[in-house]
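# Analysis of the macromolecular model
If you want the building blocks of each chain, they are given just below.
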Amino acid sequence: MAPNDRPFIPVGIAVLTVSDTRTLVDDKSGQTLADRIAEAGHVLADRAIVTDDREKIRERVLAWSRDEKIDVVITTGGTGFTGRDVTPEALEPIFEKRMDGFSEVFHRISYDKIGTSTIQSRATGGVVNATFVFVLPGSPGACRDAWDGIIKPQLDYRHMPCNFVEIMPRLDEHLRRGAKPT
């Protein structure tokens, strides 16, 4: 089958906004992601807001990672350097596999738009319970950059030479071989 003949395969995506002040009404970053997910033809499986609290962030992502309808979790917010920015600290310890290239490519894209200010973000990614997790800054611009430049193409089964959708069925191989899930 030629790459252009591959069918589009929608995946379930949950969006978590990490903020002490935002609500669903004024959550521009979460809405930016929700709109782009729908425009791409994927399923917005769930959306929530939690405060900048390590345990609340971790609990929500772990719950979604166990939900069979959710293939991907995208968080927005809490990636800076202030005392309340704890999203990477909440999630990196539960990554079964880190996605170092995500951060590197995100910063490359971001650098073209905001220059050296990109170093103020600790965007990261990994896999938790066979679920891709992307940790994004809390600005709509950063969410657009990450979605448009990295996440959207990687969640398109037609994207060649490779994409995340084609490896999703094998993300839990280590769990099926006896390793304990998170």
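Details of the structure are given in the entry above.
Residues numbered from 1 in each chain as written. Predicted model: local features only at pLDDT ≥ 70, side-chain atom pairs only at ≥ 80, totals over all residues. Heavy atoms only, no water.

At a minimum axis distance of 10 Å, the contact between helix H4 (residues 100-114) and helix H5 (residues 140-154) shows a crossing angle of 120°. Of the possible angle classes, the one that applies to H4 and H5 is oblique. When you trace H4 past H5, the crossing you get is right-handed. For the pair H4 and H5, contact is made by Phe 102, Val 105, Phe 106, Ile 109, Ser 110 and Lys 113 and by Ala 142, Asp 145, Ala 146, Gly 149, Ile 150 and Ile 151, respectively. (Axes fitted to C-alpha atoms, helices over the stretch in contact; angles between N-to-C directions. Helix = DSSP H or I, 4+ residues; strand = E, 2+ residues; numbered from the N terminus. Parallel < 35°, antiparallel > 145°, perpendicular 65-115°, else oblique. Left-handed = near helix turned anticlockwise from the far one by under 90°. Contact = heavy atoms within 4.5 Å.)

This part covers the sheet that holds strand S1 (residues 12-18). Spatially, S2-S1-S3-S6-S5-S4 is the arrangement adopted by the six strands of the open sheet, whose pairing is mixed. A single partner strand is all that each edge strand has here, and the edge strands are strand S2 (43-50) and strand S4 (97-98). With five bridges connecting them, strand S3 (residues 72-76) and strand S6 (residues 131-136) associate as parallel partners. Opposite Ile 74, over in S6, you have Phe 134 as the bridge partner. Contacts from helix H2 (residues 54-65) reach S1, S2, S3, strand S5 (124-128) and S6 within the one sheet, and its direction differs from that of S2 by about 165°. (Pairing = 2+ DSSP bridges.)

Along its 15 residues, H4 runs 21 Å from first to last C-alpha, staying within 8% of the 21 Å computed at 1.5 Å per residue. Three or more residues of H4 are buried, namely Phe 102, Ser 103, Phe 106, His 107, Ile 109 and Ser 110. Contacts from the buried residues of H4 go to S5, S6 and H5. One or two positions beyond H4, positive phi appears at Gly 115, with a value near 65°. (Expected span 1.5 Å × (residues − 1). Buried < 20%, exposed > 50% of the residue type's maximum accessible area, 1.4 Å probe, protein only.)

All right, on to helix H1 (residues 28-40) then. The terminal C-alpha atoms of H1 lie 18 Å apart, and with 13 residues this matches the ideal 18 Å at 1.5 Å per residue to within 8%. When we look at burial in H1, the residues that qualify are Ser 29, Gly 30, Thr 32, Leu 33, Ala 34, Ile 37 and Ala 40. Residues of H1 that are buried make contact with S1, S2, S3, S6 and H5. Positive backbone phi, at 95°, marks Gly 41, one or two positions downstream of H1.

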